[in-house]
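Secondary and tertiary structure notes
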Amino acid sequence: MASSMACSRLVVWTLVVVVLQILGLLLFVWGFFPVRPALSGLSGPESFLMPNCDHGDFPETKNLHPVERRALYEEMSQLPPFFDRLILMVIDGLPAEFLLGKGQIAPSEAKVSSMPYTHSLLSTGKALGYHALAATPTVTMPRLKAIVSGIVGGFLDVAFNFNTQEMLDDNLVDQFYNCDQKIVMFGDETWIRLFPGRFSRQDGVSSFYVKDTVEVDFNVSRHLESELASKDWNVMILHYLGLDHVGHIGGRDSFLMEPKMKEMDDVIREIHTRAILEHNNGNSTLLVVLSDHGMTNNGNHGGSSYEETDSLALLVGLPQETIGIRPKTYRTINQVDMSPTLAILFGLPIPKNNVGLLVKEVLDYMTDERKLRALEINSFQLLRLLQLYTPDMLCNDLCTEKDNAQDFSFRASAVSTKENICLLFSNAVYLHKSWRHMNIADTDSTNRDLIFLSITAYYNFLVAASDRLSTVATHKPLVVLSAGMSLLIISCVGILSILFSLLKRYDEVRCPSWHWDIDEGYVILAVMIHLSSLASSSFVEEEQYTWHFLASTLYLIFLFMKIHSYLIRSPKATTRTRDGLSICAIIFILVSMRIVRAWHQGGVNWVHLPDISKSIEKAGMPVMKRLQISSLAFLACFSSLAIFFSKSRVVYGRLLITSHLISYLAVLFHVLGYPNRVSFIFLYGSLMLTLVISLTSSMETKGNSGDHPSYALYMIGLTCASSWCLLQLFLQQPVNSVPMLLVFLQLVASTVYFSLEDAGHNTSVQVAALYFVGMAGHYGLGNSNTLATIDVAGAFNGIFGQSTVLAGIMMLIITCASPLSYLFNLVLYISLTTRKQISAKGVSLGKALRISLGLSCLVPLALNSVSLTGFTFILFSMRNHLFIWSVFSPKYLYVCGATVCTYLGLGIVAVVVSVISAI
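In this convention, every chain numbers its residues from 1, walking through the sequence in written order. In keeping with the model being predicted, local features are shown solely for residues with a pLDDT of at least 70 and side-chain atom pairs are shown and tallied solely at 80 or more, while totals for entire chains, interfaces and linings include all residues. Note that water and hydrogens are dropped before the side-chain values are worked out from all heavy atoms of the structure.

Take the side chain of D170 next. Looking at the element boundaries, D170 is found in the loop between α7 (157-160) and α8 (172-178). Accessible area is worked out with a 1.4 Å probe on protein chains only. A residue is then buried under 20% of its type maximum, exposed over 50%, and partly exposed in between. For the purpose of counting charges, residues Lys and Arg are taken to be positive, whereas Asp and Glu are taken to be negative. His and the chain ends are not included. Any Lys or Arg side-chain nitrogen found within 4 Å of a carboxyl oxygen on Asp or Glu counts as a salt bridge. For the buried residue D170, which engages in no salt bridge, the nearest side chain bearing the opposite charge is K352, 6.2 Å off. Residues adjacent in sequence count toward polar contacts only when both atoms are side-chain atoms; beyond that, a polar contact is any pair of N or O atoms within 3.5 Å, and within protein one must be able to donate a hydrogen and the other to accept it. Polar side-chain contacts of D170 include one of 2.8 Å to the backbone nitrogen of S43. Polar side-chain contacts of D170 include one of 3.0 Å to the backbone nitrogen of K352. Should any heavy atoms of two residues lie within 4.5 Å, those residues are considered in contact. Every residue in contact with D170, bar those within four places of it in the chain, is listed here: G41, L42, S43, S149, Q175, I350, P351, K352 and N353. For the purposes of this entry, the term helix denotes a DSSP run of H or I that reaches at least four residues, the term strand denotes a run of E that reaches at least two, and both are numbered from the N terminus.

Listed below in structure tokens is the structure:
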């Protein structure tokens, strides 16, 4: 009874500290990743006027007819629309490097020959081309927002990308719609979710079903012929997804890439020929070809590398004489610069929260007066947005008329950034006024000089203001952050206290002497080394080296301890056999660790170096299929033998082997190219059948064995561990089949080694070793701390329809394959260690289960808690670091994901063990 009450108190206190940890994590995330402040509503007539302190009255436009509204905008802006129609073509995932080259290096001949018509437009000066720098995160939804609104999105937009909601910020689509401009959209359905009800005609396709590279673009292009001949639209949006999908499936060098680029080139040729050269329907049309982001060599995106942020901006339809000859290198602009540029070209107010600036070369299309007016409007908009962050800026500095004939130029000695920006704006206003006076006096000798100086002054202000707005530190409430960190620290201390008390109760720690064996001391040292390494951005980027070193070193210590024990042990045949098996198991683990380590050259800085996976991919799909089939066959034999030698009745053993074989056949059909959905049904059906048979078999042993729960746990644990590995062979990329199998075998070999009577390591060290194997395996499967290594393509294996929720769950399963594998392996570990304690120490079954379950759950919980709490403190300390959003924040998302997986995995383990023990 006392023991039962102590166990209940342990569970209650553990749940309390876990709840505190969850609350602390939610508070910190809410405080650290807040929504960026923004101006509400749509821009109107006020956007064409100088901002002032009292926010004066402006003409009311809500009740105006759209034609009258456009006329009012034209009158107040003094900038009539330069084009009648806009065709916005988004080629998802197209790196600008494919068209424009990289620096002084021209694009490859293969890429040039893939898009000959587009290259001819660039080489003959009929198109303007730019490297458009995309901000992090480089995923579709926030990049589309940046294009149409000029907003630099928040980091957590990467999560919202999978559940897009209606866009409420001011944007070009709503501005066109507000002026009764008819908009049609064909392509990525993200546009439909962002702007519901704005399109006169639409045909959306899913952006997440990346296996489709053909129909997804055909459904867009099939509308071209009729739409280009139609007269009832003003804006046409085309969003092609096929090239991005090709990248996800086969990477930049996929054999499908060049045919897909040729397909996009044909679309550009058709639009340019029919809509621009032929002046279809008497309308002047501007074609803007954009990509939302680039892609890594593996075809992924989401991070901040050059390959991912190098997106394309191409303007086709400007008068050729304003463009000139093709430059040797193409200029880099910001992706957000497209928003104010398109707004000015089409006579619309610039969206309120835009941080971009007008593309310089577009000004060549305008008269001198319109150039300065366009820059002035862009300056008014940025100045109004600056007031949101610095409310007293306008009233204290810019409301006073400055008619004195002096140069308010930038002074490095200015006391603040705000003052510098004000001086830059004042200088631009002064030069603009001076040009107006000179223009009236018609003194051409100085007119051109003043034009140049005025444009330069405006751009000096625009660049400074844009940089300020793009990089301004979002206010982070220190009270909220401190409260969150405090709860995390309290929960971490609480978990460690509970763990330490449990270790002390069951003589797992040598207190108060504080004498540790070498393996115990190393585990503590390893945790400290890993935690301290996370304070370095370079170690975060290359964390795989840390985990491979820590895991292999721990098993080298095990090998040293086992050899030392073998040399001093009495020469008994049974003991020698066990020692020999133990040494062989450790050597196998170390060798397989080295293979997994060499499989992927992960991380960020050295990912281009050769590795085993690259060699296999070069060998082709037949080699990868052979490796998949071999891994599948080995797993099938291993599981069948493990079941055969168990104590299950013959009938249940045969049923288990049969259900396992059905699962293997389902995966085999998938490997051989049969329909995914059929394989998926058989796989999950057979896995559920296996679990049911395992449970039934374990219940049958109740009358035959006093320690039946341990055998039940053995069957369930074997089923969970092997089924999880089998599921990963189904979901992972083909090249990952061998390392996934090796991670599974490492965990099983470790569990068998620890189950030997004379393993010589306490429970906490054993569970920590499994944790180390799981973390090293995570990076061995090609994962990293950048968002670009998340496998989007694999998330749609076997998915019915196009469920975003299911795809998100599948991505979590694939990404956390190895950590979850070690957690599910804990059931098998508990079953074997329980039997060991019963047979070797004479411990009762209940006590053995409590010891194994308690320590098996508390050790991973404590290790994860230390990592979570420590990195939260590091993230807070690095909140103003240069790499906070590109390195530390993505890593924090992975830490949060690992925390979620730890809760889920340990919850399943606790439930399974509790249910089986109650049978």
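Note on terminology: a nonpolar core comprises buried Ala, Val, Leu, Ile, Met, Phe, Trp, Tyr and Cys residues joined through side-chain atoms within 4.5 Å. Formed by 95 residues in total, the largest nonpolar core has its most connected members in Y555, F558 and F772. Sort the elements by how many residues they give to this core and helix α29 (residues 708-731) lands first, with twelve residues. Leave out the neighbours within four places in its chain, and Y555 touches I586, I589, L590, M593, S750, F754, A769 and V773.

Quick look at the packing of helix α21 (residues 518-533) against helix α31 (residues 763-780) now. The angle between two axes is taken between their N-to-C directions and runs from 0 to 180 degrees, where each axis is a line fitted to C-alpha atoms and a helix contributes only its stretch in contact. Axis separation between α21 and α31 bottoms out at 10 Å; the angle between their running directions is 45 degrees. One way to sum up the angle between α21 and α31 is to call them oblique. For the element pair α21 and α31, the recorded crossing hand is left-handed. Facing α21, whose interface residues are D519, E520, Y522, V523 and A526, α31 presents V765, A768 and F772. Here the term charged refers only to Asp, Glu, Lys and Arg, the term nonpolar to Ala, Val, Leu, Ile, Met, Phe, Trp, Tyr, Cys and Pro, and the term polar to all other amino acids, Gly among them. Each residue belonging to the contact of α21 with α31 can be placed in one class, and the counts come to six nonpolar, no polar and two charged. Angles below 35 degrees are treated as roughly parallel, those above 145 as roughly antiparallel, those between 65 and 115 as roughly perpendicular, and all remaining angles as oblique. Here a crossing is taken to be left-handed if its near helix is turned anticlockwise relative to the far helix by less than a right angle, and right-handed if that turn runs clockwise.

A few words on the pairing of strand β5 (residues 235-240). Where burial is concerned, most of β5 is hidden: six out of the six residues are buried. Burial of the side chains of β5 extends over both faces: V235, I237 and H239 are buried on one face and M236, L238 and Y240 on the other. The pairing of strand β1 (residues 85-91) with β5 spans six bridges and is parallel. In the strand pairing of β5, L86 is matched with V235. Strands were regarded as paired on the criterion that DSSP finds at least two bridges between them.

Where side chains of opposite charge bring their charged atoms close, a pairing between them can arise. Here the structure, examined in full by the defined rule, presents 20 salt bridges. The salt bridge involving R222 is made with D203; its shortest N-O contact spans 2.7 Å. Of this pair, R222 sits in the loop between α10 (215-221) and α11 (224-229) while D203 sits in strand β4 (residues 201-205), placing them 19 residues apart in sequence. Given a relative accessible area of 17%, D203 falls into the buried group. R373 is paired through a salt bridge with E376; the nearest N and O atoms lie 2.8 Å apart. Placement of the pair is R373 and E376 together in helix α16 (residues 368-389), with a separation of three residues, close to one helical turn. The two residues R373 and E376 agree in class, both being buried.

This brings us to the sheet that holds β4. Here eight strands make up an open sheet; going across it, the order is β4-β3-β5-β1-β6-β7-β2-β8 and the pairing mixed. Among the strands making up the open sheet, the edge pair consists of β4 and β8 (332-334). Strand after strand, the sheet turns through a mean of 20 degrees between neighbouring axes, direction not considered. Bridge count between strand β2 (residues 127-133) and β8: three bridges; the pairing is parallel. Along β8, the bridge assignment pairs H131 with T332.

Let us now look at the environment of N783. Counting through the fold element by element, N783 comes out in the loop between α31 and α32 (804-815). What makes N783 buried here is its relative accessible area of 7%. When the C-alpha atoms of N783 and Q601 are compared, they prove to be 9.9 Å apart, with 182 residues separating the residues in sequence. What N783 contacts, discounting residues up to four positions off in sequence, is H778, T789 and T815. A polar contact of 2.8 Å, which involves the side chain of N783, links it to the backbone oxygen of H778.

Next up on the list: the packing of aromatic side chains. Here the aromatic set is Phe, Tyr and Trp, taking the six-membered ring for Trp, and pairing holds for ring centres within 6.5 Å; pairs whose planes are under 30 degrees apart are stacked, those over 60 apart are edge-to-face, and all others are tilted. Under the counting rule described, the total for this entry stands at 22 aromatic pairs. Between the aromatic rings of Y555 and F558, the centroid separation amounts to 5.1 Å while the plane-to-plane angle is 75 degrees, which identifies the pairing as edge-to-face. Pair noted here: Y555 and F558 are both in helix α23 (residues 543-568), with a separation of three residues, about one helical turn. Put simply, the rings of F28, F32, F33, F871, F888 and Y892 pair up and form one aromatic cluster. Note that K111 overlies the ring of F98, its terminal NZ or CZ placed 4.6 Å from the centroid. A ring is considered to have a charge above it if a Lys NZ or an Arg CZ atom is located within 6 Å of its centre and within 35 degrees of its normal. Sitting over the face of the ring of Y459, K360 holds its NZ or CZ atom 5.1 Å from the ring centroid.

Quick look at the confidence of the model for the protein now. Per-residue confidence from the predictor is reported as pLDDT, which spans 0 to 100. With 80% of its residues at a pLDDT of at least 70, the protein reaches an overall mean of 82. Ignoring residues within four places in sequence, the model shows residues 395-414, a span with pLDDT below 50, making 38 contacts including any to other chains. This stretch, residues 509-514, has a pLDDT under 50; its non-local contacts, to residues over four places away or in other chains, come to ten contacts.

Further remarks concern a nonpolar patch on the surface. Residues I629, L665, F669, L672 and Y674 make up a contiguous nonpolar surface patch of roughly 460 Å² in combined accessible area. Within the element layout of this structure, F669 appears in helix α27 (residues 650-671). F669 gets classed as partly exposed once you look at its relative accessible area, which sits at 38%. Each patch groups residues whose relative accessible area exceeds 30% and which form no salt bridge, using 9 Å between like charges and 5 Å between nonpolar side chains of Val, Leu, Ile, Met, Phe, Trp and Tyr. Here the accessible surface of atoms and residues is derived via Shrake-Rupley with a 1.4 Å probe, and residues count as covered only by protein chains that are part of the display.

Among all residues except glycine, the phi angle is most often negative; among peptide bonds, the trans geometry is most common. Within the chain, Q78 stands out as a residue other than glycine whose phi angle is a positive 60 degrees. When you line up the elements, Q78 lands in the loop between α2 (66-77) and β1. Phi at D180 takes a positive value of approximately 60 degrees, unusual for a residue other than glycine. Judged by relative accessible area, D180 falls into the partly exposed class, the value being 38%.

The next subject is the pairing of β2. When you tally the buried positions in β2, you get six out of seven residues, the bulk of the element. Pairing analysis gives seven bridges linking β2 to strand β7 (residues 310-316), with the strands arranged antiparallel. Residue pairing across strands places L128 opposite L315, the latter belonging to β7.

In this section: the environment of R468. The residue R468 is located in helix α19 (residues 444-471) in this model. In sequence terms R468 and T417 are 51 residues apart; their C-alpha atoms lie 8.5 Å from each other. Contacts of R468, omitting those with residues within four sequence positions, involve L386, T417 and I421.

A few words on the side chain of S831. Relative to the helices and strands, S831 resides in helix α33 (residues 817-841). Side-chain polar atoms of S831 contact the backbone oxygen of L828, separated by 2.6 Å.

Our focus in this paragraph is helix α5 (residues 116-123). Listed as buried for α5 are Y117, T118, H119, L121 and L122. Note on α5: the residue one or two positions beyond its end, G125, has a positive phi of about 75 degrees.

Relative to the helices and strands, R835 is located in helix α33. Considering only alpha carbons, one finds R835 and L849, 14 residues apart in sequence, at a separation of 9.4 Å.

Their axes nearest at 9 Å, the elements α23 and α31 cross at an angle of 145 degrees. Handedness of the α23/α31 crossing: left-handed. Contact residues: α23 offers E543, Q544, W547, H548, L550, A551, L554, Y555 and F558, while α31 offers V765, A769, Y771, F772, V773, M775, A776, Y779 and G780. Residues belonging to the contact of α23 with α31 are distributed by class as follows: 14 nonpolar, three polar and one charged.

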